[in-house]
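Given next are the chains, with one letter for each unit.
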Amino acid sequence: MPIRDLTKAEEEIMRVLWQLQKGFVKDVLAELPEPKPAYNTVSTIIRILEKKELVGYRAYGKTHEYFPLITEEEYRRFQTEQLMANYFDNSLKKLVSFFVQDKNISLSEADEIIKLLNKQKDQ
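Remember, predicted model here, so these are calculated numbers, not experimental data. (Residues numbered from 1 in each chain as written. Predicted model: local features only at pLDDT ≥ 70, side-chain atom pairs only at ≥ 80, totals over all residues. Heavy atoms only, no water.)

### Notes on a nonpolar patch on the surface
Taken together, the side chains of Leu83, Tyr87, Phe98 and Phe99 present a nonpolar region at the surface, about 400 Å² in accessible area. Of all the secondary-structure elements, those providing two or more residues to the nonpolar patch are α4 (72-87) and α5 (92-103). With respect to the secondary-structure elements, Phe99 resides in helix α5. (Patch = residues over 30% accessible without salt bridge, like charges linked within 9 Å, V, L, I, M, F, W, Y side chains within 5 Å. Areas by Shrake-Rupley, 256 points an atom, 1.4 Å probe, with all protein chains shown as cover. Salt bridge = Lys/Arg side-chain N within 4 Å of Asp/Glu carboxyl O. Helix = DSSP H or I, 4+ residues; strand = E, 2+ residues; numbered from the N terminus.)

### Looking at the domain arrangement of the chain
You can read the domains of the chain as domain 1 (1-88) and domain 2 (91-122). The gap between the C-alpha centroids of domain 1 and domain 2 is 31 Å. (Domains from an automatic or database assignment.)

### A word on the layout of surface pockets
Taken as a whole, the largest pocket spans an internal volume of roughly 220 Å³. As for the largest pocket, its lining consists of Thr80, Met84, Leu92, Leu95, Val96, Phe99, Ile113, Leu116 and Leu117. Here the lining of the largest pocket takes 4 residues from α5, the largest share from any one element. Size it by volume and the second largest pocket reaches roughly 160 Å³. The wall of the second largest pocket is formed by Glu11, Arg15, Trp18, Glu72, Tyr75, Arg76, Gln79, Thr80, Leu83, Leu95 and Phe99. Ranked by residue count, the leading element in the lining of the second largest pocket is α4, at 6 residues. A class-by-class count of the residues in the lining of the second largest pocket yields 5 nonpolar, 2 polar and 4 charged. (1 Å grid on protein atoms, 1.4 Å probe; cavity = no way out; pocket = protein on both sides within 12 Å on 5 of 7 lines; lining within 4 Å. Points joined across faces, edges and corners; volume = space filled by probe spheres on them. Nonpolar A, V, L, I, M, F, W, Y, C, P; charged D, E, K, R; others polar.)

### Side note on the nonpolar core
Membership of the largest hydrophobic core comes to 20 residues, with the highest contact counts inside it found for Ile13, Met14, Val28, Val42, Ile46, Leu49 and Val55. Contributions of two or more residues to this core are made by α1 (8-20), α2 (25-31), α3 (39-51) and α4. Those residues within four positions of Ile13 in sequence are excluded, and the remaining contacts are Val28, Leu32, Val42, Ile45, Ile46 and Leu49. (Core = buried A, V, L, I, M, F, W, Y, C linked by side-chain atoms within 4.5 Å. Buried < 20%, exposed > 50% of the residue type's maximum accessible area, 1.4 Å probe, protein only. Contact = heavy atoms within 4.5 Å.)

### Thoughts on the packing of aromatic side chains
As enumerated under the stated definition, the model contains 5 aromatic pairs in all. Between the aromatic rings of Phe24 and Tyr60, the centroid separation amounts to 6.1 Å while the plane-to-plane angle is 55°, which identifies the pairing as tilted. Here the residue Phe24 occupies a position in the loop between α1 and α2, and Tyr60 occupies one in strand β1 (residues 55-60), the gap between them amounting to 36 residues. Assessed through its relative accessible area of 23%, Phe24 is described here as partly exposed. Between Phe88 and Phe98, the ring centres sit 5.5 Å apart and the planes meet at 55°, which makes this aromatic pair tilted. Of the two residues, Phe88 sits in the loop between α4 and α5 while Phe98 sits in helix α5, which places them 10 residues apart along the sequence. Using a relative accessible area of 37% as the deciding quantity, one classes Phe98 as partly exposed. Here a set of aromatic residues connected by ring pairs shows up, and it is made of Trp18, Tyr75 and Phe78. (Phe/Tyr/Trp six-rings, centres within 6.5 Å; stacked < 30°, edge-to-face > 60°.)

Right, here's the structure in full:
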């Protein structure tokens, strides 16, 4: 199943699972900031992520240990592709131009970007 957009709550749970690598609902809940959601809310969100085939589990009797089925890098790549497609006509030039103008990138940051691009070009 292809990766799909996550809600803010789903993404927050995924971030915890990426950090933990695996865990029970109580482990995920312990890592969430205050005010903590209810146990059942976290459990429901994890089951939604499971249906989206982004989270898997191992059953130990009635309890489940959950783990991510995609990496954070895979989701980051998906989100970047969505951003480029939806807002920058799939143009890396338009994306970089936006950040250069909007974020007022320093010369040292621009130099690092150029080095990265040259390194990629040489590969």
